[in-house]
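These are the residues of each chain, in order.
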Amino acid sequence: MAMFEQMRANMFKLLKGIDRYNPDNLATLECYMETQAKENAYDLEANLAVLKLYQFDPAFFQMTVTTQILLKALTNLPHTNFTLCKCMIDQAHQEERPIWQILYLGDLLETCHFQTFWQALDRNMDLLEGITGFEDSVRKFICHVVGITYQHIDHWLLAKMLGDLWDGQLKMWMSKYGWSTNESGQIFICSQEESIKPKNIVEKIDFNSVSSIMDSSQ
């Protein structure tokens, strides 16, 4: 992480200046992307700058860097980073392997088909080469979805949704989010009623507005 922080300070200056889209800086930005992947760090602005430079000159396009950018964007769901990055990749490249496979994985996550996602990922584990912490980052997103969706959930279902975790791993994630097992043997997530915040809507109508309506109706 020390390498990332050091590079990030330099990238901040670069991205704020006129050199943001200078093609001479592309190699530095690509190296920065590889550091993000290795150190489980993330910088959306730098990654968008890389994709924009690829748009300006398609000859610069690097498949490996682009797949890393997309995979890192997936680790930041539910933020819209993945959609932003996807929109900056031309259709021809989107139809190439491995980009279309990553787009498929992203679609599964965004539509909450979590069990299918893990099955598809298992068939394409080579995509994660050089990406540190991808699976646990996805699990954080899934736990976020579970936390805002369920009050109770079966152990077996949560384990499946998180990638066929064994009991010890599942308990670790339950502890992380403060989930517990209730008397019926299910996992208690939270009372969704407690999360509902009623909002009082007050409409103010002054007398002049009412009187004008009454006059027009006579």
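Residues numbered from 1 in each chain as written. Predicted model: local features only at pLDDT ≥ 70, side-chain atom pairs only at ≥ 80, totals over all residues. Heavy atoms only, no water.

The protein chain is annotated in an unreviewed UniProt entry as Eukaryotic translation initiation factor 3 subunit K from Saguinus oedipus.

Draft legend 1. Up close: the side chain of Arg 20. Among the structural elements, Arg 20 can be located in the loop between helix H1 (2-16) and helix H2 (26-39). Looking at Arg 20, its side chain comes within polar contact range of the side chain of Glu 45, at 2.9 Å. Here Arg 20 is in contact with Leu 14, Leu 15, Leu 29, Glu 45, Ala 49 and Leu 53, once residues within four sequence places are set aside. (Helix = DSSP H or I, 4+ residues; strand = E, 2+ residues; numbered from the N terminus. Polar contact = N/O pair within 3.5 Å; in protein donor to acceptor, adjacent residues only side chain to side chain. Contact = heavy atoms within 4.5 Å.)

Draft legend 2. Just helix H4 (residues 63-74), in detail. For H4, with twelve residues, the first-to-last C-alpha span of 17 Å sits near the 16 Å given by 1.5 Å per residue. Most of H4 is tucked away: ten of the twelve residues are buried. Within the span of H4, buried status applies to Val 65, Thr 66, Thr 67, Gln 68, Ile 69, Leu 70, Leu 71, Lys 72, Ala 73 and Leu 74. The elements touched by buried residues of H4 are H2, helix H3 (44-56), helix H5 (81-87), helix H7 (99-110) and helix H9 (134-149). (Expected span 1.5 Å × (residues − 1). Buried < 20%, exposed > 50% of the residue type's maximum accessible area, 1.4 Å probe, protein only.)

Draft legend 3. Main features of the nonpolar core. Counting residues in each nonpolar core, the largest one holds 67 residues, and the members touching the most others are Leu 29, Phe 117, Phe 134, Ile 142 and Leu 158. Counting residues per element, this core draws most heavily on H3, at eight residues. Not counting residues up to four positions away in its chain, the partners in contact with Ile 142 are Phe 114, Trp 118, Met 161 and Leu 162. (Core = buried A, V, L, I, M, F, W, Y, C linked by side-chain atoms within 4.5 Å.)

Draft legend 4. Here's a closer look at the environment of Leu 103. Residue placement: Leu 103 occurs in helix H7. When the C-alpha atoms of Leu 103 and Lys 86 are compared, they prove to be 8.0 Å apart, with 17 residues separating the residues in sequence. The residues contacting Leu 103, other than those within four sequence positions of it, are Phe 82, Lys 86 and Gln 94.

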